[in-house]
Amino acid sequence: MLNRTVITVVAVAATLSPLAAFATNGYQLIGIGTYQKSLAGAVTANPGSAMTAVTNPAGSARIGRRADFSMEAFMPSRSVDFTALGGSSADSSVDAYGIPALGWSAPIRDGSPVYFGGGMYGTSGMGVDYPSTLMMTPGGGSPNLYWDGYSNISFWQMAPVVAWNVNDKLSVGASLNIDYQSVAFKQRALADTTANGQGDTVINNFDLSRSASGFGFGVSFGLLYDLSPAVTVGAAYKSKQYFNDLEYNLAAGDITVNSNPFPAGRYRLNLDYPQQFAVGVAVRPDDKLTVSADVKWVNWSDTMNKLTVKGPSGYDMPMDPGWKNQTVYALGVSYAATSRLDLRAGFNYGSAPFGDGQVSHNLILPAVTKSHLTLGAGYRINNHWDVAVAAMYAKKYTLTAPATDPQAPNAKIRLGETSVSANIGYRF
């Protein structure tokens, strides 16, 4: 009986990032909502909108009485390329997503230094959808190999927050993070074994297309401190988000390795969200200009280095995306062009959390973007209402598997991203 199996033909395993298609550092958004996106995420010491509840809870005590409602249209461009193997390339047919976000904050009573608020955002259907693609033409009488891949992911987070202006210089805050994720994916390798061709025999199969879902929880802490009227520093820590196992009821053969089907039964995957820590500074040299900068550390190696789907009777599927920790740098500039109009721009950089050596383990998890450029503007309509817009561009980046890769030598994955978003804000 087959007990523990490792894939030897094609990597069907590293398909399991719940946010793989975001405008991202890894699979994490560079900013929540239009304001944060316009500054490329350089907001730890420069909160600005009620979505600070998700990123730095202390900011909820600094933004006053307000609510924000954002919607982002995110448009990634992803492709996989097997031409080096005698195969072909394919683009994902999923190319547009909506990302709503909202936040609010207000003092617990008039004149109180203690604020209560929260933020939330959600995604639906994030993933890739690759058609059947010629992967390899071995020759010498060996059958052609074909590959296809699909993922459909939803993620939602709510962060109720309590923040306190301790004195004129120091603000602190904490939030409880309540999370939800739903994950479905499918990836196969097929071979020509009859005259019909076009991949009529399944060699490897990883069919978790009947989605599984789970709740997760964690906490966040933050602080802001004014070194002077012109300089503010900030720090924020988000704990690991612990999720209950995703459970999949699979039929015999839904997981197949080298033509050997796994048995029917209940299979489980534990997929948590990594802890992270950010520090930032905001400098205001005059009444019009604010420059903010952030450095963030994301502990991907704890949650995305090794993953395994565990089944009955010891039938386990190791996936092992091989992600490493990531350091992200962000810079944002805001300029008050008039008393009502603010212009904003930002730059965000973080190396991909995996390299060329892990390409074959991340064929439908192309989280490889590095540099993000953003532009935005905010306009105060009156004493209560304001609107904002933002746009983001991430140049397409490619990773190539080494020629010695036993699963997909010289295969390539590419990802580029654009997005536009808008926000309506209301000050009470």
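Residues numbered from 1 in each chain as written. Predicted model: local features only at pLDDT ≥ 70, side-chain atom pairs only at ≥ 80, totals over all residues. Heavy atoms only, no water.

## Observations concerning the layout of surface pockets
Moving on, step 1. By volume, the largest pocket is sized at about 720 Å³.
Moving on, step 2. Forming the walls of the largest pocket are 32 residues, and the residues nearest its centre are Tyr-35, Asn-46, Gly-48, Asp-342 and Arg-344.
Moving on, step 3. Those elements that provide at least two residues to the lining of the largest pocket are helix H1 (33-38), strand E3 (66-81), strand E18 (289-298), strand E21 (326-336), strand E22 (341-350), strand E23 (371-380), strand E24 (385-400) and strand E25 (412-427).
Moving on, step 4. Class assignment of the residues belonging to the lining of the largest pocket gives a composition of ten nonpolar, nine polar and 13 charged.
Moving on, step 5. In this structure, the second largest pocket spans a volume of roughly 160 Å³. (1 Å grid on protein atoms, 1.4 Å probe; cavity = no way out; pocket = protein on both sides within 12 Å on 5 of 7 lines; lining within 4 Å. Points joined across faces, edges and corners; volume = space filled by probe spheres on them. Helix = DSSP H or I, 4+ residues; strand = E, 2+ residues; numbered from the N terminus. Nonpolar A, V, L, I, M, F, W, Y, C, P; charged D, E, K, R; others polar.)

## Examining the pairing of E21
Moving on, step 1. Residues Gln-326, Val-328, Ala-330, Gly-332, Ser-334 and Ala-336 point to one face of E21 and are all buried, whereas Thr-327, Tyr-329, Leu-331, Val-333 and Tyr-335, pointing to the other face, are not buried.
Moving on, step 2. Relative to E22, E21 runs antiparallel, the two sharing nine bridges. Residue Val-328 lies in a different strand from E22, and its bridge partner there is Gly-350.
Moving on, step 3. Hairpin connection, E21 to E22: the antiparallel pair is bridged by four residues. (Buried < 20%, exposed > 50% of the residue type's maximum accessible area, 1.4 Å probe, protein only. Pairing = 2+ DSSP bridges.)

## Some points on the side chain of Arg-66
Moving on, step 1. Assignment of secondary structure puts Arg-66 in strand E3.
Moving on, step 2. Take Arg-66: its relative accessible area is 8%, and that puts it in the buried class.
Moving on, step 3. A polar contact of 3.3 Å, which involves the side chain of Arg-66, links it to the side chain of Asp-386. (Polar contact = N/O pair within 3.5 Å; in protein donor to acceptor, adjacent residues only side chain to side chain.)

## Some remarks on the packing of aromatic side chains
Moving on, step 1. Counted under the stated rule, the structure contains 13 aromatic pairs.
Moving on, step 2. Relative to Tyr-273, the ring of Phe-155 has its centre 5.8 Å away and its plane inclined at 25°; by these criteria the two rings are stacked. Separated by 118 residues along the polypeptide, Phe-155 in strand E8 (residues 145-165) and Tyr-273 in the loop between strand E16 (265-269) and strand E17 (276-283) bring together distant segments of the chain. Judged on exposure class, the residue Phe-155 and its partner Tyr-273 are both buried.
Moving on, step 3. With 5.8 Å between their ring centres and 15° between their planes, Phe-185 and Phe-206 make a pair best called stacked. One end of the pair, Phe-185, is in strand E9 (residues 170-191); the other, Phe-206, is in strand E10 (residues 201-228), with 21 residues separating them in the sequence. Of the two residues examined, Phe-185 and Phe-206, each falls in the buried class.
Moving on, step 4. In textbook terms, an aromatic cluster arises when at least three aromatic residues are bridged by ring pairs, as seen for Phe-82, Tyr-130 and Trp-147. (Phe/Tyr/Trp six-rings, centres within 6.5 Å; stacked < 30°, edge-to-face > 60°.)

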